[in-house]
Amino acid sequence: MEIFAHLADGFLIAFEPLNLGLVVFGCAVGLFIGAMPGLGSVNGVAILLPMTFLVPPTSAIIFLGAIYYGAMYGGAISSIMLGIPGASTAVATTFDGRPMAMQGRADEALIAAAVASFVGGSISIVLFTLFAPPLAEVALAFGPPEEFALMVLAFATFIGLGGDDIPKTFFSICIGLVMSAVGLDIVSGEPRLIFGDLPGFFHGINFLVLAIGIYGIGEMLWTVEISKGEVMVSQATVTLARVVAGLKNLKGTIKTMLMGSFLGYFVGILPAAGATPGSLMAYGIAKTISKDPDSFGKGNVDGVVAPESANNAASTGSMLPMLTLGIPGSPTTAILLGGMVIWGLEPGPLLFVNHADFVWGLIASLYAANLFALLINIGFIPVFIWVLRLPFTILAPLIFGLCVIGGYAPTRSMHDLWLMLIFGVVGYLMRKLDYPMAPAVLAIVLGPLAERSMRQTLIGSHGDITEFFVRPISGTIMVVALILIFLPLVNVLRNMVRHRISKTPL
Amino acid sequence: MRVAELVMAIAMAVFSLLLMWKSTELPIGWIPGEGPGGGAFPFWLSAAMLLCCIAIIVRWVLRASPPSRSTEAYMDPQALKLFALVAGSLTVMVGLIHIIGVYISLPLFMIFYMRVLGGHSWKTVGGIATATPVVSFFFFEIALKIELPKGMTEPLFYPLYDIFM
């Protein structure tokens with residue numbers, strides 16, 4: 001019952017006027033960001049993180065959490081109205097959402113998406129509230145070897161489950177880690193990797209510089225290129241009667257919603273997976289278990305409900321490892337984790353002990369954010385449709401401007417601004433060649449933590465590397481991580497062998 | 001696309017070598033009883049980067065990765081022009097911040113973008129280009145107490161500092 005006492009404390013924090021205001025404001029901003037084609041939660045959180053220095057850390061994370069939530073709701077809006085996913089997490093929503101809009105059922109699709117998001121969000125927050133404290137309790141026993149093993153596992157999931165080009169994924173992880181090593185060596189205090197003796201490198205490369213570069217500048221360059229063509233906004237009329245009718249129609253989709261919510265939540269916990277694969281998997285399963293699989297892709301409500309409940313559940317799921325273990329479950333939570341370091345909080349299980357108000361304030365605010373996102377979403381559908389008509393050539397310079405100021409503000413150095421621009425342009429050019437960017441962002445956030453825990457372990461064990469494997473917990477995690485890393489290699493070898501066998505004439 | 005894939009892999013391989021060379025400024029070996037030296041972490045990671053680049057090049061030769069098989073242009077002329085304009089004007093804006101500060105440089109960029117690339121009316125362009133610096137001044141300088149770079153326009157802000165700070 002301790003959980004309920006904590007949660008009650010959390011609600012007291014979340015309902016302070018400032019925090020409640022930030023939840024509502026954050027949801028609205030998140031919905032807007034999510035609704036805009038090309039921008040998703042990760043872009044919104046990266047670009048707006050520097051703006052949160054105005055308020056205390058608890059309010060800041062509440063605001064960013066609300067943006068995260070709102071963006072998950074908002075992604076569906078452009079998927080349905082434009083047929084362009086508002087964020088990668090809403091790709092699966094276009095499959096049936098767009099056909100529904102074309103048939104004049106846009107309002108039905110929008111309401112289904114909003115309600116499914118709400119159900120997914122609610123179920124996942126309850127799961128989160130129940131799971132987080134015991135997990136944090138277990139994690140309290142973790143020392144540096146376990147921490148390091150967990151980080152290896154986080155990177156291993158990208159290689160084992162990522163599915164992208166493996167050498168490029170691995171490259172992305174390494175370059176992120178190397179960039180995190182720039183600055184002063186954490187053990188000896190000696191400067192390292194100071195290019196051209198530029199003083200700007202001494203304080204290291206701030207993760208925000210990379211995050212805003214890639215998710216701000218790089219993403220916008222990407223969107224500028226793909227949004228050249230004209231897009232058509234569907235019409236939607238929203239009246240109270242139609243909302244009620246739409247809600248009644250959703251009765252038959254409850255099973256799909258529940259499936260999407262649970263699936264999304266557990267997929268969201270995995271570092272490499274997150275909301276995008278979670279929603280695609282939920283769509284696939286909904287289609288498989290449906291009595292009428294042929295109607296999918298032609299405007300089946302279940303096809304909207306499944307991915308939308310899953311992506312909201314996944315966004316909450318990805319916060320579980322972030323808060324309890326200090327390992328982010330998605331690029332967005334990687335940025336939130338980096339934010340915690342900037343705000344002076346030590347990520348990891350100790351958060352639950354030392355900063356209980358921060359953790360429970362955030363958890364309680366997610367309940368509130370979920371409700372407000374639903375209300376704002378349904379209440380302001382016409383406003384969001386108007387937003388979609390806003391020309392991109394007005395939004396783009398505004399967002400570029402935000403990136404430039406946001407890139408400068410945390411460290412107040414022009415050096416970082418130039419780095420951000422370089423990262424953005426190079427990141428965009430690499431992304432065009434299928435280099436995944438999320439592992440690099442995760443790596444630059446986790447890099448200093450990983451290096452410190454590794455070297456602390458080795459100093460403690462007098463340079464004995466077996467320390468990582470003989471401790472039961474870290475040993476198990478390490479073995480799982482190694483299996484994940486070598487899984488693709490085994491597949492490659494197997495394919496080669498099979499290839500050779502098929503070539504040899506019988 | 002094929003050429004771009006190879007060029008990027010080679011460029012990144014060279015970058016990895018540079019990082020490896022730079023890491024050797026600190027001990028990269030194993031210090032007995034203490035573990036790896038300060039340069040070991042970046043050195044071996046850069047070495048791994050180099051290996052990845054070699055793998056990417058091998059896959060390019062084998063035509064194993066999608067971009068190495070693609071016959072599409074990396075950027076068609078229209079996309080290249082747009083990229084050059086946007087990235088170029090961004091670079092010019094950041095460069096100009098050093099000289100005339102963010103409050104002049106940013107609106108100039110916005111005017112260029114909205115007018116030249118977007119073709120919007122002067123009323124819209126003017127409104128947004130005026131509102132942005134005013135809002136950012138109040139948000140950053142007054143509320144957040146973060147001074148944004150002003151370059152040679154710094155003296156113009158003295159009266160404003162007197163009023164608001």
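Residues numbered from 1 in each chain as written. Chains lettered and ligands numbered in written order. Predicted model: local features only at pLDDT ≥ 70, side-chain atom pairs only at ≥ 80, totals over all residues. Heavy atoms only, no water.

Okay, the packing of aromatic side chains next. A ring pair, where both rings are aromatic, is described by two values, the distance of the centres and the angle of the planes. Summed over the entire model, instances satisfying the criterion amount to 23 aromatic pairs over all chains. Ring geometry for F131 of chain A against F266 of chain A: centres 6.4 Å apart, planes inclined by 75°, an arrangement best described as edge-to-face. Pair noted here: F131 of chain A is in helix α6 (residues 106–139) and F266 of chain A is in helix α11 (residues 254–269), with a separation of 135 residues, a long-range link. What makes F131 of chain A partly exposed here is its relative accessible area of 39%. Residue classification places F266 of chain A among the partly exposed positions, given a relative accessible area of 43%. Seen from their ring centres, Y103 of chain B and F157 of chain B are 5.0 Å apart, and the 45° between their planes marks the pair as tilted. One end of the pair, Y103 of chain B, is in helix α5 (residues 102–117); the other, F157 of chain B, is in the loop between α6 (122–143) and α7 (158–164), and 54 residues separate them in sequence. Feature note: the residues Y103, F137, F138 and F157 of chain B constitute an aromatic cluster, connected by ring pairs. (Phe/Tyr/Trp six-rings, centres within 6.5 Å; stacked < 30°, edge-to-face > 60°. Helix = DSSP H or I, 4+ residues; strand = E, 2+ residues; numbered from the N terminus. Buried < 20%, exposed > 50% of the residue type's maximum accessible area, 1.4 Å probe, protein only.)

For the rest of this paragraph, the subject is the interface of chain B and chain A. On the side of chain A, 61 residues touch chain B, which itself brings 71 residues to the contact. At the junction of chain B and chain A, the tally comes to one salt bridge. E5 of chain B is the salt-bridge partner of K168 of chain A, the closest N and O atoms lying 2.8 Å from each other. Our count for the contact surface shared by chain B and chain A stands at six residue pairs in polar contact (both at pLDDT 80 or more). For the side of chain B that touches chain A, the elements supplying multiple residues, two or more each, are α1 (2–23), β2 (35–36), α2 (40–61), α3 (66–69), α4 (77–100), α5 and α6 of chain B. The leading source of residues in the side of chain B that touches chain A is α4 of chain B, at 13 residues. (Contact = heavy atoms within 4.5 Å. Salt bridge = Lys/Arg side-chain N within 4 Å of Asp/Glu carboxyl O. Polar contact = N/O pair within 3.5 Å; in protein donor to acceptor, adjacent residues only side chain to side chain.)

Moving on, we get to the confidence of the model for chain A. Taken residue by residue, chain A gives an average pLDDT of 84. The fraction at 70 or more is 94%. Per-residue pLDDT, averaged within each element of chain A, yields its smallest value for helix α18 (residues 381–389) of chain A (77) and its largest for helix α20 (residues 414–431) of chain A (93). (pLDDT = per-residue confidence, 0-100.)

Glancing now at the domain arrangement of chain B. You can read the domains of chain B as domain 1 (2–69) and domain 2 (77–164). Centre-to-centre separation of domain 1 of chain B and domain 2 of chain B, based on C-alpha positions: 38 Å. (Domains from an automatic or database assignment.)

On to the pattern of salt bridges, then. As a working rule, side chains carrying opposite charge can pair if their charged atoms are close by. All names here are of chain A. All chains considered together, the criterion is met by eleven salt bridges over all chains. Among the salt bridges present, the one from E219 reaches R431, with a minimum N-O distance of 3.4 Å. Of the two residues, E219 is situated in helix α9 (residues 207–226) and R431 in helix α20; the sequence distance between them amounts to 212 residues. We classify R431 as partly exposed; its relative accessible area is 27%.

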